[in-house]
Structures are given as C-alpha cells and as structure tokens.
Amino acid sequence: MSFDVVIKNGRYFDGTGGPSAIRNLGIRDGHVAVVTDEPIGGVEEIDAWGKWVLPGFIDIHTHYDVEVLNGPGLTESLRHGVTTVVVGSCSLSTVHVGGVDAGDLFGRVEAIPREHVIAAIDRHKTWSTAEEYARALEARPLGPNITAFIGHSDMRTAVMGLERATTYDDQPTKAELAQMERWLTEALDAGFIGLSSQQLLFDRLDGDVCRSRTLPSTYVKRREMRRLTRLVRRRGRVLQSGPDIQHPLKMAAQLVRSIGGVRRPLKMSFLAAADAKSNPIGHKILTGAARVVNGLGGDFRWQHLPVPFEVYGDGIDLVIFEELGAGAAALHLRDEVERDELIQAEDYRLRFRKEYDNKFKIGAWHRDFFDADIVACPDESLVGRTFGQVGLDRGLHPVDAFLDLVVRYGSALRWRTVISNHRPRILKKLAVDPGIQVGFSDAGAHLRNMAFYNCNLRLLRHVQQSAEAGAEFMTVEYAVHRLTGELADWYSLDAGHLRVGDRADVAVIDPAHLDESLDAYAEETVDQYGGLSRMINRNDDAVTAVLVAGRTVVRDGVPTELVGTVRTGSFLRAGQTIPAPAEAVAASG
C-alpha cells in the first residue's frame, strides 16, 4: 500500500510521553495512516535513520498577528520545527481595531515598526467578526497552523476608543460592556482558545494621541473583568494574562480567580515563571503559588521560556527600561535631538541613578550595568566591555557611562544582557514543574531585541546533554510531551500528537546537531518590515524535515517552495478536529 509520504526508520515519539521506538510512518491525506515496524513505501520518502520523529512543536506565545498578513509562511518558526502558533497574546489582537489603533497597540509594546502595522492592517483587513478573521487567515497561504486568543485591549479600544479606554475615570457603559461580551462570545463560538488580558504596567502605547499610556486592559475594573472571565470559565477556555508583579496582593487576587469551588475552574495561563536575576528566589514564590492555587481546585499554569532570557538593545531602545520612570520618559520621546537633550540633563540623570540603585524595587531587569556587554560600537575599543567597566575607567556612575555612550552613538551602540534563566539547575526544575507550561518565545515581536524561535530545540539539547552526563532530569519522551501533546490537550487543540488518525504535523530532528550551533547569533532582513534586520536563529542541520498536514515545508533546514505560496496550515479551533487542507490554496495579493 502506497502513502503520500513515508518517514522511515526514525525514533518515533507520539507526543503522549509514552515510550519511543524505531518506526515507519505512513501519511495519507494529511493524516497519520499507519505507524509500523514493517517496510512501507510512499510517493515521497524521508529517511530518518538516527533521527527523532515527533509531533511539530506548539508555540503558545507569539505576536505574529501582523506578520501573518504579509508573510503568512512564518518561515522563522517553521524552520525550527514549530507547526502551530498562538496569536492574540498579551491582550493584543487585530480582530476589531483598525490600522492606526493597531499601530498604537503593537508598535511600542512589541517593538514592531508602527507604520508597517498600520499598512498591513489597512491593506488586508476584510473582517469585522472573529469568524471572518479566522476565515481570512485561512484564505492566506499559511505555513504553520494558527490559533488565537481574542485580545481584551483590542475589544476595549474598538468599543470605547483608545483615549477613553486608557483612563481610570472613564469606564465602559453598560452597552459597551455588553458589546465586549458579544464579541467574546462570538470569538469563543469561532473556536478561539480564550481571552488574553494584561496587567503589566510597563507595556506602553505608541502613536501621538495616547503615547506612553499603558495598555487598555490595565485600566479594567473588577466588574468588567468578572463579566468577561465568566464567559471564558463557562466554556472551559483559557484566560491568558501578565500579572502586575509590582503589586503582589493584586497578583495574588488574580491567581485566586482560577479556583473553581462549586463552579468550573478557570483555566489561566500567566507570563511568566523565570529565574530572574532581579529576584533569586522569585521562581520559588511563583511555582509555590501555582501549587497552592491548583491544590485548591484551580487550573493555573505559568508560561516559561526554557532557555536563558538574553536580550539585546540598540542604545536606550529596549523594553526593560519601560519599568523605570526615567527609562519610560526617554522612550516617550521619538525625536532623537529631544531625547538626547533629556538624557544629558542632570536632574534626569539623578532620577535614573536613583531608580537604578533601588535594588529592592520589584522588576524584570536586574539593574546592573556591570552585567551588560557592548557587542557593537563605532568605537571598537569598547566592544566586549561592560558599561560598568567603562564607568570605572572614566570615574563615572554606570548610569552616566551608559547615557554618555547613548548620546554619542545612539542606536549604533548595541549591547546585550541576560535578565533571567541564567542558572541551569533552576532551569531544570522549572522545566519539569507541573504548574508551568514550556513556551514563551514572543516570536514575531521585539525584532531587534531577542530571538527564541529555536527554544524548543534548546530544551531538547539540555535534556539530551544532561542524560549523556548521567544527570537526567527528564526523559526525551517527557520533554517532547511537554512541548507538544501536553499543550495541545490543555488548550483543546487538534495538534501535538502523532498517533494513527492524527494530523500529520511532524518535525524530524537530528539529535547529533543539537549542539552549540543553537546558540549562534544571526540576523536577516524582513521584507514585510521594509528590510529591517531582525535577530533570528540558524541551526539548519538540526531540523531534517518539517511537515504540516502531511506536506513537507522544510527539508534540511531550508523552506520548500510550498512555503508562502500554498496553504499547508489551518486555523485550529478549540475542541474541534480540523481536516487537513483538501487542496492547494495559492497565494493571493
């Protein structure tokens, strides 16, 4: 019996965490038709001898909402084995807002060029409902599968207007709140996986009208949130959010909302559990809180990036400065001359130094310029040094050394630091904690600041190397399950498994190349963002093949001719089995 595709002689993982074995996979009509140790043949054959054959990875936190419109192949995720991505994170989606509002919502928070956000929405938006949005995505030549949250800030902006939606004094009227409830119900009916919100207070708006205000969902009051989450709870869907870490009591009140009692538990996925340098015991508090909430009948998970959280900055343009009042004041100014005048003022520097030296203030950044390496600068003698070292040499406070270089070199000054997940021992503990979901790539956002497209591969490397060193902390089977089947089951998605009858979304990985190449720095221009150079990952030898719905979209790390021209992915609807695309859908526009 012949199959469309046969993957031969690979070590097969089904995504359940069960034992792996050498097997042959026969794929027909986009689904797994047979798993056997007997020889089989197909129209296309992939020899996976010495390789791992596993379900495609699920990326539960991306901001591809804009990129999927102009570049629906989403190549950077595909080439690292990701076959399903979640959009609509952090209260941000493009279901209801227009181009200008979307530009203000996404531009600064996610470091995506505002003018390109506006242009993409204005060009492609044909939808006005969640169902129409899902169909519009499927009319594009999707590379991976897409699923979505409906964004609270999206709905709030569309119904109230951005100005009213970003003040505490002006709350939605009864009619406006009822409209948000209707929109949320429509999204859940359309198969959206839930509602995304945001309470972090250092995510700020772009544009002119409301520039530097925090996201609309941070202004919500208890009544509004209670009415929206009631709908999510009833349907068994997910509330995603970022807690207000600067106010622990508010964060605790948010977590308690998950507990069901006499009613259904509310599924909640919050970002993010991390071993932060700013708080060496913070991860214990977060994981402990999850254990308490789930022990009392909740259904709560922290999202977690399973690799060191390394970020890059161009001058002062880096989101971590938003949590400092002085940093936010500088980023508020778009004009470089005005910004330089502010940075040179002594009262501004005094404020920055005071906030920098306050090591007890809760935040994501560890506020240590001795742990910030210069990687590019017109003055090449500074490359490889830290701002703290430069300050010592010049008799300056580290803040003044940094700001002096920003004024002199602007965005030509490129530097890096690791803000969390720096201790391998703690990373292992977090990777196996049942209150944690592994996934927080932020793919499609912060284009110049970070690249975690291959974070799943890096976790598998950590697992493999630990086992080889005689210090196994989880099996490869369980690691694959955490990255695939466990996520699919929790979000109720038709993905993450490779059993007979399942969709044939497959990644073939060469474990021999899970090596140091995964850490290499790389950049590549992005056509849909005007040729902007963004950080990416390049470890092509590690990914032998990727299939979406039984069609090969990557071979030996290189996208095939299908990507961006033919739809291979689908819009995955929560709780529904989604058939593979019946026929090729050509690119349009």
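Residues numbered from 1 in each chain as written. Predicted model: local features only at pLDDT ≥ 70, side-chain atom pairs only at ≥ 80, totals over all residues. Heavy atoms only, no water.

For the protein, the name recorded in an unreviewed UniProt entry is Amidohydrolase family protein, with Mycolicibacterium novocastrense as its organism.

### A few points about the packing of helix H17 (residues 424–432) against helix H18 (residues 455–468)
Viewed as axis vectors pointing N to C, H17 and H18 meet at an angle of 110°, and their least axial separation amounts to 12 Å. With respect to H18, the element H17 is oriented roughly perpendicular. Note on element contacts: H18 touches H17 through Leu-459, His-462 and Ser-466, opposite Pro-424, Leu-427, Lys-428 and Ala-431. Broken down by class, the residue content of the contact of H17 with H18 amounts to four nonpolar, two polar and one charged. (Axes fitted to C-alpha atoms, helices over the stretch in contact; angles between N-to-C directions. Helix = DSSP H or I, 4+ residues; strand = E, 2+ residues; numbered from the N terminus. Parallel < 35°, antiparallel > 145°, perpendicular 65-115°, else oblique. Contact = heavy atoms within 4.5 Å. Nonpolar A, V, L, I, M, F, W, Y, C, P; charged D, E, K, R; others polar.)

### A closer look at a negative patch on the surface
Together, Asp-335, Glu-336, Glu-338 and Glu-341 make up a negatively charged patch on the protein surface. The topology assignment puts Asp-335 in the loop between helix H12 (325–332) and helix H13 (336–344). The class for Asp-335 is partly exposed, based on a relative accessible area of 38%. (Patch = residues over 30% accessible without salt bridge, like charges linked within 9 Å, V, L, I, M, F, W, Y side chains within 5 Å. Areas by Shrake-Rupley, 256 points an atom, 1.4 Å probe, with all protein chains shown as cover. Salt bridge = Lys/Arg side-chain N within 4 Å of Asp/Glu carboxyl O. Lys, Arg positive; Asp, Glu negative; His and termini not counted. Charge placed at Lys NZ, Arg CZ, Asp CG, Glu CD. Buried < 20%, exposed > 50% of the residue type's maximum accessible area, 1.4 Å probe, protein only.)

### Notes on the UniProt feature "domain: Amidohydrolase" (unreviewed entry) in the protein
Residues annotated by UniProt as "domain: Amidohydrolase" (unreviewed entry) correspond here to residues 44–207. Within residues 44–207, the helical portion is 40% and the strand portion 16%, while the C-alpha atoms at the span's ends are 50 Å from each other. (UniProt positions renumbered as here; feature names shortened; annotations may be inferred.)

### Thoughts on a positive patch on the surface
A contiguous patch of positive charge, built from Lys-174, Arg-222, Arg-223 and Arg-226, is present on the exposed surface. Looking at the positive patch element by element, the count peaks at three residues for helix H9 (residues 222–235). Here Arg-226 lies in helix H9.

### Concerning the state of the cysteines
Summed over the entire model, instances satisfying the criterion amount to zero disulfides. In this structure Cys-90 is not part of a disulfide, and its nearest cysteine sulfur, from Cys-455, lies 15 Å away. Cysteine Cys-210 is unpaired, with the sulfur of Cys-90 as its nearest cysteine sulfur at 20 Å. Exposure remark for Cys-210: the relative accessible area of 1% places this residue in the buried category. (Disulfide = S-S within 2.5 Å.)

### Overview of the side chain of Thr-157
Considering the arrangement of structural elements, one finds Thr-157 in helix H6 (residues 152–160). Looking at Thr-157, the relative accessible area reads 2%, which means it is buried. Setting aside anything within four residues of it in sequence, one finds Thr-157 in contact with Val-97, Asp-101, Leu-105, Leu-162, Ala-165 and Pro-216.

### Topic: the pairing of strand S18 (residues 522–526)
Sheet topology note: the S18/strand S19 (residues 532–536) ladder contains five bridges and is antiparallel. Across the sheet, residue Thr-525 finds its bridge partner in S19, namely Ser-533. Joining the antiparallel neighbours S18 and S19 is a turn of five residues, in which Gly-530 adopts a positive phi near 65°. (Pairing = 2+ DSSP bridges.)

### Re the nonpolar core
Side chains of nonpolar character tend, in soluble globular proteins, to be buried together. Membership of the largest hydrophobic core comes to 106 residues, with the highest contact counts inside it found for Ile-146, Leu-184, Phe-192, Leu-195 and Trp-302. By residue number, the principal contributor to this core is helix H8 (residues 174–189), which donates six residues. The residues touching Phe-192, leaving out its near neighbours within four places in the chain, are Val-95, Ala-130, Tyr-133, Ala-148, Phe-149, Ile-150, Ala-187, Arg-237, Phe-571 and Ala-574. Within the second largest apolar cluster, 40 residues are counted, among which are Leu-318, Ala-330, Leu-331 and Cys-377. (Core = buried A, V, L, I, M, F, W, Y, C linked by side-chain atoms within 4.5 Å.)

### Examining the environment of Leu-396
Its place among the elements puts Leu-396 in the loop between helix H15 (387–394) and helix H16 (398–409). With a relative accessible area of 31%, Leu-396 lands in the partly exposed category.

### Here's the deal with the pattern of salt bridges
Counted according to the given criterion, the structure contains 44 salt bridges. The closest approach of N and O atoms between Asp-400 and Arg-349, which form a salt bridge, is 3.2 Å. With Asp-400 in helix H16 and Arg-349 in helix H14 (residues 346–357), this residue pair connects regions lying 51 residues apart in the sequence. The pair formed by Asp-400 and Arg-349 is uniform in burial state, with each residue classed as buried. Ionic contacts of the salt-bridge type, sharing partners, join the residues Glu-346, Arg-349, Arg-353, Asp-400 and Asp-404 into one network.

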